[in-house]
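Single-letter residue listing:
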Amino acid sequence: MKFNIYDLTSFTQWIDSSLRASMSPGWAVTVEMIIIGLAILIFFALIGLFLVYAERKVCAFMQNRLGPNRVGPGGIFQTVADLVKLLFVELVPIKNADKILFNLAPFIVIVASIMAIGALPFAKGLQAIDLNIGVFYLMAVSSMGVIGVLLAGWSSNNKYSLIGAMRSGAQIVSYELSVGLALITMVILAGTMQLSEMIEAQRWGWFIFKGHIPAVIAFVIYIIAGTAETNRGPFDLAEAESELTAGYHTEYSGIKFALFFLAEYINMFIVAAIATTVFLGGWMPLHVYGWDGFNKVMDFIPPFIWFLGKTFGVVFVMMWLKWTFPRLRIDQLLTLEWKFLLPINIFNLLLMAFLVLAGWHW
Amino acid sequence: MEEAVVNVPLEQEEYIINMGPQHPSTHGVLRLVVSLKGEMVQNVQPHIGYVHRGIEKMCENLTYQQIIHLTDRMDYLSAHINNEAVCLAVEKALGIEVSDRVKYIRTILSELTRIQSHQLFWATYGMDLGGLTCFFYGLRDRELILDIFEETCGGRMIVSYNTPGGLMNDIHPNFQKRTKDFIKYFRKTLPEYDRLLTGNVIFQERLKGIGRINREDAIAWGLTGPVGRASGFSCDIRKHNPYSAYDKVTFNEILYDEGDSFHRYQVRMDEMWESMNIIEQLIDNIPEGAYAEKMKPVIKLPEGEYWQSVETARGELGVFIESDGNKYPYRMKFRSPNFVNLAPLNIMATGFKIADLVAINGSLDLVIPDIDR
Amino acid sequence: MKAFIEYIRSIFDGLISLLKGLSVTGKYFFKPGTTWTQQYPNNRKELKMFDRFKGEVIMPHNDKNEHKCTGCGICEINCPNGSIEIIPVTIVNEEGKKQRIIDKHIYHLGMCTFCGLCVKTCPSQALAFGQEFEHAVFDRTRLNKILNQPGSKIMKGVA
């Protein structure tokens, strides 16, 4: 077995060939699917735990205080303790609520997130499925999360949840447009929608450097719209704590609330991961054409670490935005999208198309 | 419960929401019964009385020195100024003139109280609107003032430092140095507040034009303090009827015309700068003298009615004492600024959205125990 | 055309104001050593309150277990809500005369409002404010304290 940390295709080929050698092809594919599913679920849980802890520490340092520091060394088991406590909480049954939809809603959100993780390239060769319509698939699948939110608000039989869910639904559907247009701008630059080829094309410069002005504008718009997609940051009116109630997940308690809560952090991770892949080069290290020594040093760090580092950098920027700014009102939110982001996006798209045709990118 | 909401007209598309006594945004135990049509507020009815402790009735069985500790707990963010109001009323009734030292110290402590009250306003207002870090920055800087209070008076929020005739103790030797250090620090830090919140485009869009009340309405409803001054009503007691050492300092009265939430906020930010100017004029020149006049152990006011008004951080606090010659007052009435400022909430909030109601309520800067007393 | 210029200008102004806000929180995140909070209860040994801090009312005793309280009851009269109860007792002193001294000086910490009148009006300065602030107990009757220690007597020379 050749385990090359810089190119994991050999590792995955080895698993594949050893499985096919010992059982029929049908069974081999099934076992592979089970392995990938388990790996994604474990990754999901670990990232969720880490992100919740990171958010609490980041916001604490911005607020001149320390954050969790008692449970475990430096407080790293705080999220585990919170999760154990949520498991013991009583699941309050709702009278007159639509029980099937009520129980289904958190799972839809989780399923949408897991489907999106499946298409992300974590390192060279470490990608669950490499579709040739990668970007399109990611956008389509992350839109499914809004169904879970609307179902949660509707089936709770609570007028405040319904208000919260409707607001959230309108918000997510509007900002889908901005996200889509920003990603399409980069698809124009790359010339392909397949994620692994997009990353290969960024070998000698990330897209944010290659497509200078339009790419930077697209990046900023994508970050804003991505934060609004996940109901986070200055766009969290749907679950505002100091307004009326906790929005669409008011009536959920215990493990179901934990699933919504976790799904929000995973969505933030997915938005950041897509931003990393499309704008910042995915797992590709920073190479400068002609500086061979520099490139060798950059290649020394494994691609998996590059990917996680860049993603957590974007996640940090999203947390920074949340803890600095006050909230937007719902009509201001929609004004921002339809009157500001969308025209800028369309203009940017034309600018990028012009740039690619004229060959002015690097 | 049923009769409490029967006055609010219940049409077909309207529904009633109860921002109940326990709510993160109402700054105390205030119940707001809001009738909404979609997202628009039609009618807001405040229900008060959850913190009523009977302070005015209790005062009828306490001597004048004992009343001071109750006034601390009315508008607890302007504790010094409340104490000063009762002391000034009693001293005026007895015809006692306190020494200049006492006047200077009372003024300096009042201005420090004003600054810390506005710091807490900034902290909680930012938090209400969603910028949660503002809470920590505002309270971090407020701790320095509370340290000054604790060193001199013994308590951070409940001070009981004034007494009829002067002060309880002389100031601590570190008082002047600590105050000067604080002013130097805060002059550098206050522009940060502006960078974080005041100049922020989201904050301005949330507040400009919201909850407008014009000058005639402000005078008719009797709004005083920063709420009245943001609408153009010049009502600063420190300028019109100066007391303590306010006639010896020069400062500006902050007036704006627009009367919306943003300018109510801006008046308080500017007042912090003015308060720092006042303190700087006084802190180095505290004259020597006695820290309290010699008073009889039992204070008896001559028969009659006495009135004294002071400018707390929220408006005009008036103290009315009716005495029949005994050592207990016959009737003690406090004209509380928050009670009057809460009254026009209905006309300010009608027609705006539910998220604006939180912004308007926060900009009035109410302290509910002062409403209920 | 003017509206278009206004539009572009409003976008730039908005972005600049947002970046300024980010710089404030960013400064506190990236600069080391900006944590303001005290690490209570880990710092209890070094924690020292200010001398005038009103933690509770105590009656200071000297090394010979003597205090200055004469049992006059002025603090009880001046307390606004009855947090002090003076229980005197009549004894025969060394000179053979009957004398009223303090038997128990009961202080209800649970009712005290820390106004300071008892400390201020005591004619022999027998009371003072202590700096102990951790008063949480499981049983409310433990908040009724007796301020004069057992076996103590009044100092000589106090009226």
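Residues numbered from 1 in each chain as written. Chains lettered and ligands numbered in written order. Predicted model: local features only at pLDDT ≥ 70, side-chain atom pairs only at ≥ 80, totals over all residues. Heavy atoms only, no water.

Colleague: Please give an account of the overall build of chain C that cites residues and values.
Modeller: On a plain count of helices and strands, chain C comes out with 3 helices and 7 strands. Mapped in sequence order, the helices and strands of chain C form the string α-β-β-α-β-β-α-β-β-β. Computed over C-alpha atoms, the radius of gyration of chain C comes to 29 Å, more than 25% over the 15 Å expected from 2.2 N^0.38 for 159 residues, which places it beyond the range of a compact globule. Oriented by its inertia axes, the alpha-carbon framework of chain C measures out at about 105 × 35 × 35 Å. (Helix = DSSP H or I, 4+ residues; strand = E, 2+ residues; numbered from the N terminus. Rg over C-alpha atoms; globule rule 2.2 N^0.38 Å.)

Colleague: Outline the interface of chain B and chain A, listing residues and values.
Modeller: The interface of chain B with chain A comprises 31 residues on the first partner and 23 residues on the second. Both sides of the chain B and chain A interface together cover about 2400 Å² of buried area, and 57% of this is carbon and sulfur. Between the two partners, chain B and chain A, sit 2 salt bridges. Remark: the boundary between chain B and chain A carries 7 residue pairs in polar contact (both at pLDDT 80 or more). Contributions of two or more residues to the side of chain B that touches chain A are made by strand S1 (14-19), helix H4 (100-129), helix H5 (133-153), helix H6 (175-198), helix H7 (201-207) and helix H14 (354-364) of chain B. Of the residues that constitute the side of chain B that touches chain A, the class distribution is 18 nonpolar, 6 polar and 7 charged. (Contact = heavy atoms within 4.5 Å. Buried area = accessible area lost by both parts, 1.4 Å probe. Salt bridge = Lys/Arg side-chain N within 4 Å of Asp/Glu carboxyl O. Polar contact = N/O pair within 3.5 Å; in protein donor to acceptor, adjacent residues only side chain to side chain. Nonpolar A, V, L, I, M, F, W, Y, C, P; charged D, E, K, R; others polar.)

Colleague: Which residues make up the sheet that holds strand S2 (residues 31-37) of chain B, and what are the values?
Modeller: Residues and elements named next belong to chain B. Pairing is antiparallel across the open sheet formed by 3 strands, whose spatial order is S1-S2-S3. Each edge of the sheet is formed by a strand with only one pairing partner; in this case those strands are S1 and strand S3 (40-47). Neighbour-to-neighbour, the strand axes of this sheet turn through a mean angle of 20°, independent of strand direction. As paired elements, S2 and S3 share 7 bridges and run antiparallel to each other. Residue valine 33 lies in a different strand from S3, and its bridge partner there is glutamine 45. Sheet contacts for H14: S1, S2 and S3; angle to S2, the most-contacted strand, approximately 150°. (Pairing = 2+ DSSP bridges. Axes fitted to C-alpha atoms, helices over the stretch in contact; angles between N-to-C directions.)

Colleague: Help me get a handle on the interface of chain C and chain A, residues and values and all.
Modeller: Across the contact, 19 residues belong to chain C and 18 residues belong to chain A. In this assembly, chain C packs against chain A so that about 1500 Å² is buried in total across both faces, 69% of it on carbon and sulfur atoms. In terms of surface lost to chain A, no three residues of chain C exceed Tyr7, Leu22 and Phe29 of chain C, which account for 35% of the buried area on that side. Linking chain C with chain A are 0 salt bridges. Summed over the shared surface of chain C and chain A, the result is 5 residue pairs in polar contact (both at pLDDT 80 or more).

Colleague: Outline the environment of threonine 141 of chain C, listing residues and values.
Modeller: All names here are of chain C. Following the sequence through the fold, threonine 141 ends up in the loop between strand S5 (128-130) and strand S6 (144-146). The class of threonine 141 is exposed, set by a relative accessible area of 53%. C-alpha of threonine 141 to C-alpha of glycine 110: the two residues are 31 residues apart in sequence and 8.9 Å apart in space. (Buried < 20%, exposed > 50% of the residue type's maximum accessible area, 1.4 Å probe, protein only.)

Colleague: Go over the nonpolar core with me, naming the residues and quoting the values.
Modeller: Most often, soluble globular proteins have nonpolar side chains that are buried together. In this structure, Leu183, Met186, Met198, Tyr222, Ile274 and Phe279 of chain A are the most contacted members of the largest nonpolar core, which totals 95 residues. Examining the composition of this core, we find that 16 residues originate from one element, helix H11 (residues 255-279) of chain A, more than from any other. Residue contacts for leucine 183 of chain A: discarding those within four places in its chain leaves Val135, Met139, Tyr222, Ile274 and Val278 of chain A. One finds Ala89, Met269, Ile278 and Leu317 of chain B within the second-largest nonpolar core, a separate group that totals 81 residues. (Core = buried A, V, L, I, M, F, W, Y, C linked by side-chain atoms within 4.5 Å.)

Colleague: Please provide a residue-by-residue account of the sheet that holds strand S6 (residues 304-311) of chain B, values included.
Modeller: Residues and elements named next belong to chain B. Read across the sheet, 3 strands follow the order S6-S7-S8 without closing on themselves; strand pairing throughout is antiparallel. Looking along the sheet, the strands with just one partner apiece sit at the ends: S6 and strand S8 (331-335). Pairwise comparison of adjacent strand axes, ignoring direction, gives a mean angle of 15° for this sheet. Where strand S7 (residues 316-323) meets S8, 5 bridges bridge the pair, whose relative direction is antiparallel. Looking at S8, one finds that glycine 318 is bridged to arginine 335. Sitting on the sheet, helix H3 (residues 79-94) touches S6, S7 and S8, and the angle it makes with S6 is about 145°.

Colleague: Before we move on, can you summarise the packing of H6 of chain B against helix H11 (residues 261-283) of chain B with the specific residues and values?
Modeller: Residues and elements named next belong to chain B. Running from N to C, H6 and H11 cross one another at 160°; their axes reach a closest spacing of 11 Å. It follows that H6 is roughly antiparallel to H11 by the angle criterion. Here the hand of the crossing between H6 and H11 comes out left-handed. Residues Phe175, Gln176, Thr179, Lys180, Ile183, Phe186, Arg187, Leu190, Pro191, Asp194, Leu197 and Thr198 of H6 form the contact with H11, whose participating residues are Phe262, Tyr265, Gln266, Met269, Met272, Trp273, Met276, Asn277, Ile279, Glu280 and Ile283. (Parallel < 35°, antiparallel > 145°, perpendicular 65-115°, else oblique. Left-handed = near helix turned anticlockwise from the far one by under 90°.)

Colleague: Tell me what's going on with helix H10 (residues 212-229) of chain A, and back it up with residues and numbers.
Modeller: All names here are of chain A. Between its first and last C-alpha atoms H10 spans 25 Å; for 18 residues at 1.5 Å apiece the expected length is 26 Å, and the two agree. Every buried residue of H10 is listed here: Pro214, Ala215, Ala218, Phe219, Ile221, Tyr222, Ile223, Ala225, Gly226, Thr227, Ala228 and Glu229. Buried residues belonging to H10 abut helix H7 (159-190), helix H9 (207-210), H11, helix H13 (303-324) and helix H14 (330-358). Asparagine 231, located one to two residues past H10, shows a positive phi value of around 60°. (Expected span 1.5 Å × (residues − 1).)

Colleague: Give a detailed account of unusual backbone geometry, specifying residues and quantitative values.
Modeller: Residues and elements named next belong to chain C. Residue proline 41 is reached from tyrosine 40 by a cis peptide bond, and omega for that bond is 5°. Within the secondary structure layout, proline 41 lies in the loop between helix H1 (2-30) and strand S1 (56-58). For asparagine 65, which is not a glycine, the phi torsion comes out positive at approximately 60°. By secondary structure assignment, the location of asparagine 65 is in the loop between S1 and strand S2 (66-67).

Colleague: Residue-level account of H5 of chain B, with values.
Modeller: All names here are of chain B. Across its 21 residues, H5 extends 30 Å between first and last C-alpha, which sits within 8% of the 30 Å expected from 1.5 Å per residue. Taking the largest bend as the criterion, H5 deviates by roughly 25°, centred on glutamate 143. Remark: glycine 154 follows H5 within two positions and exhibits a positive phi of approximately 95°. (Bend = angle between axes of the 7 residues up to and from the residue.)

Colleague: Could you give an account of the pattern of salt bridges, with specific residues and numbers?
Modeller: Going through the model one piece at a time under the given rule, you end up with 34 salt bridges over all chains. Aspartate 75 of chain B serves as the salt-bridge partner of arginine 314 of chain B, at 3.6 Å between the closest nitrogen and oxygen. On the criterion of sequence distance, the pair formed by arginine 314 of chain B in the loop between S6 and S7 and aspartate 75 of chain B in the loop between helix H2 (64-71) and H3 is long-range, its members being 239 residues apart. Comparing arginine 314 of chain B with aspartate 75 of chain B shows no difference in burial state: the two are buried. When salt bridges with common partners are traced through the structure, they connect Arg329 and Asp331 of chain A together with Lys353 and Asp356 of chain B into a single cluster.

Colleague: Account for the packing of helix H1 (residues 9-22) of chain A against helix H2 (residues 25-62) of chain A, with residues named and values stated.
Modeller: Residues and elements named next belong to chain A. In contact at an axis separation of 8 Å, H1 and H2 are set at 140° when each is read in the N-to-C sense. On the basis of their axis angle, the class for H1 and H2 is oblique. Here H1 and H2 pass one another in a crossing that is right-handed. Contact residues: H1 offers Asp16, Leu19 and Arg20, while H2 offers Pro25, Ala28, Val29, Val31 and Glu32. Here the residues of the contact of H1 with H2 are counted per class, giving 5 nonpolar, no polar and 3 charged.

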